[in-house]
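Summary of structural features
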Amino acid sequence: MAFRPARYFPILEWGREYRRDTLVNDLIAAVIVTIMLIPQSLAYAMLAGLPPQIGLYASILPLIAYAIFGTSRTLAVGPVAILSLMTAAAAGKIAPQGTEAYIQAALILAVLSGAMLLVLGLLKAGFLANFLSHPVVSGFITASGIIIAASQLKHIFGIDAGGHNLFEIIVSLVRNLGSMNLATVIIGLASLIFLFGSRRFLKPALIRARLSEKAATIIARTGPVIAVIASILAVALLQLDEAGVRILGDVPRNLPELGLPAFNREIWLQLMGSAALISLIGFVESVSVAQTLAAKKRQRVDPNQELIGLGVASLSAGVSSGYPVTGGLARSAVNFDAGAETPAAGAFTAVGIALATLFLTPYLFFLPQAVLAATIIVAVLSLVDLKAIRQVWSYSKSDFSAMAATILVTLFAGVELGVTTGVALSLFLHLYNTSRPHFALVGQVPGTHHFRNVNRHRVVISDTALTIRIDESLYFANARFLEDTVYCVVSNRPDLKHLVLMCSAVNRIDASGLESLEAINERLRDANVDLHLSEVKGPVMDRLKRSHFLEELSGNVYLNTYDAMEDLDLDCVQAAFSKDAKTTSPDAIPCPSLALAGFERA
């Protein structure tokens, strides 16, 4: 296969179609996102326990890298709340916040997570994200949002507090409430009220004022910028910093230095697991946002190339004094609403952030930390989805157990253990549920060629030829269960001569499943019962043909179940078309032990 550069460099594809009007739209979107991203980058760096300028650094080179390698036309890459929290948790194991070793740990996380994503992308391993089920991701994001919001209350109250989980944070806040600063509380609460209000009420008010919905949406999302400007003026004019209001202070005006973080084998190995979790969570969050926005414009996002794009972006953050980045929901939505047409908008945003770093940072000196905390709280509380918890509870108790475990462990034991618990429990529950799959004894619906579950429909069944529908692929976890089920049926029907396994829902049979089929065939042969298969899918049949099973099969393989029953018990099939067809009631269980063998109502 010939090497196609555009496959790995999407910029070569959309760059050929770049026009002047596209440039104008991208520049307008970049200006809007830059204005939004400045306070957001500072806030997320503070959440990660890093100096504020590192948030700006992480919003420069990574955006350019993604513009070259990413496939989403409107995804905006940069620091996000979840990865900032995970970075703080991981780097905190290496060194205390504020130390050079802590900053180096954050850079190492960016390099490691970026390298992992890049390798996975080259290996086309985007499918690995499927191991994070939606309930686990939703539960993790909800719990993380609660922890992040709680952790920022110390800045709202102007007190010293800390903790690695919700319980520790709450205890620390309660113990230090007596030292809260009144001016800080006023600024923090006013910022919260304004930001929540602008998010909820500003857009409808602007629409009533006859602004277009697009313009109203963009203006409503610039609330943090308004809060930043107003609070800076208030602190500077009223000299509130002298009253104990904690401010941002000096932010270096330099562009990031390029270079790899210091190599210490022990530290790099210690951060490997955390980097893997950061990679996985960041990729899942980013690709879900990218696919959602792409669907609105009927565009396509390639998950494997996204791994490469995000990997290079995070790597570039690590070599440019940044920390792990991914695609963010809020800024991507603003980028989309502002009319961005290509990833070039992200590159222009990077230029805007670089210019802001050089020329605007002196004006941020009096920015209260409480305002940045309020920005974070408002952003992350929108991620808390209690409705999803209720929906999962009502739909699947198994998925809810994984979701609840993820939330509880994340809240009270930490973010890394929380997501690990969720993934492990999801895989365990999948194996457990599929190890006891649903089987149905089926009969012929009178007057039709269809076969349905005897416990759901009035059907005609044969005394000498029975059909069992298998509703799961056969693999090592449920192979023994299939044997037990078949033996249960046979032992309770002394007149049985033929047993048909209806395989319409079987997508795969592994070696263990094949061994079980061979054992069933031999056991039934000894009991003078022929084993037959029906409705076997092509790929499954291809694999069976590579074994000796079909040669040793005591019965036949039928295209459909009707053909099987017509061949094995013609009288029963004909009786199903008579007016006086004798049917089995849905409440009757022909085999007393079927309930034990998985024949429930399903």
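A brief look at the structure comes next. No experiment lies behind these values; they were computed from the predicted model shown. (Residues numbered from 1 in each chain as written. Predicted model: local features only at pLDDT ≥ 70, side-chain atom pairs only at ≥ 80, totals over all residues. Heavy atoms only, no water.)

**Digging into the overall build of the chain**
Summing up its helical and strand segments, the chain has 28 helices and eight strands in all. Taken along the three principal axes of its C-alpha coordinates, the chain extends 95 × 60 × 60 Å. Of the roughly 27500 Å² of accessible surface on the chain, 60% is carried by carbon and sulfur atoms. For the chain, the centre of its 46 positive side-chain charges and the centre of its 45 negative side-chain charges are spaced 9 Å apart. (Helix = DSSP H or I, 4+ residues; strand = E, 2+ residues; numbered from the N terminus. Areas by Shrake-Rupley, 256 points an atom, 1.4 Å probe, with all protein chains shown as cover. Lys, Arg positive; Asp, Glu negative; His and termini not counted. Charge placed at Lys NZ, Arg CZ, Asp CG, Glu CD.)

**Remarks on the state of the cysteines**
Taken as a whole, this structure holds zero disulfides when the rule is applied. Cysteine C503 is unpaired, with the sulfur of C488 as its nearest cysteine sulfur at 19 Å. (Disulfide = S-S within 2.5 Å.)

**Description of the side chain of D510**
Following the sequence through the fold, D510 ends up in the loop between β6 (498-502) and α24 (511-526). This buried residue, D510, is left without a salt bridge; R508 holds the nearest opposite charge, at 4.4 Å. Those residues within four positions of D510 in sequence are excluded, and the remaining contacts are L474, Y475 and F476. (Buried < 20%, exposed > 50% of the residue type's maximum accessible area, 1.4 Å probe, protein only. Salt bridge = Lys/Arg side-chain N within 4 Å of Asp/Glu carboxyl O. Contact = heavy atoms within 4.5 Å.)

**Thoughts on the packing of helix α3 (residues 20-47) against helix α18 (residues 344-359)**
Direction vectors running N to C along α3 and α18 enclose 45°, while the axes themselves pass 8 Å from each other. Comparing the axis directions of α3 and α18 gives the class oblique. Considering the relative orientation of α3 and α18, their crossing is right-handed. Taking contact as the criterion, the partners of L23, D26, L27, A30, V33, T34, L37 and I38 in α3 are, on α18, A344, A345, F348, T349, G352, I353 and A356. (Axes fitted to C-alpha atoms, helices over the stretch in contact; angles between N-to-C directions. Parallel < 35°, antiparallel > 145°, perpendicular 65-115°, else oblique. Left-handed = near helix turned anticlockwise from the far one by under 90°.)

**Re helix α15 (residues 272-296)**
Residues that lie three or four places apart on an α-helix share one face, since the helix turns once every 3.6 residues. Compared with an ideal rise of 1.5 Å per residue, which puts 25 residues at 36 Å, α15 spans 37 Å between its outermost C-alpha atoms and is within 8% of the ideal. A positive backbone phi angle near 55° is found at R298, which sits one or two residues after α15. (Expected span 1.5 Å × (residues − 1).)

**Topic: the packing of aromatic side chains**
Per the counting criterion, the structure on display carries nine aromatic pairs. Between F9 and F69 the ring centres are 5.1 Å apart and the planes differ by 40°, which places this aromatic pair in the tilted class. With F9 in the loop between α1 (5-8) and α2 (11-15) and F69 in helix α5 (residues 61-69), the pair connects residues that are 60 residues apart, well separated along the chain. F9 sits in the partly exposed class, given a relative accessible area of 32%. Its relative accessible area of 18% is what places F69 among the buried residues. Ring geometry for Y562 and F577: centres 6.5 Å apart, planes at 90°, overall edge-to-face. (Phe/Tyr/Trp six-rings, centres within 6.5 Å; stacked < 30°, edge-to-face > 60°.)

**What about helix α13 (residues 223-238)?**
With 16 residues, α13 should cover 22 Å at 1.5 Å per step; its first-to-last C-alpha distance of 22 Å lies within 8% of that length. Where α13 is concerned, the buried positions are G223, P224, V225, A227, V228, S231, I232 and V235. As for α13, its buried residues are in contact with α3, α11 (182-208), α12 (213-220) and α19 (369-381). Q239 occupies a position one or two residues after α13 and carries a positive phi of about 50°.

**What about the pairing of β6?**
Here β6 lies mainly inside the structure; five of its five residues are buried. Neither face of β6 is left uncovered, since the one carrying H498, V500 and M502 and the one carrying L499 and L501 both have all their residues buried. Across five bridges, strand β5 (residues 465-470) lies against β6 in parallel orientation. Bridge pairing in β6 places A465 opposite H498. This β-α-β element, β5 to helix α23 (residues 479-491) to β6, shows right-handed connectivity. Two strands pair when backbone bridges link them, and β6 and strand β7 (residues 530-534) are joined in this way by five bridges, in the parallel orientation. When the sheet's bridge partners are listed, L501 is paired in β7 with L533. (Pairing = 2+ DSSP bridges. Right-handed = clockwise from strand over helix to strand, strands pointing away.)

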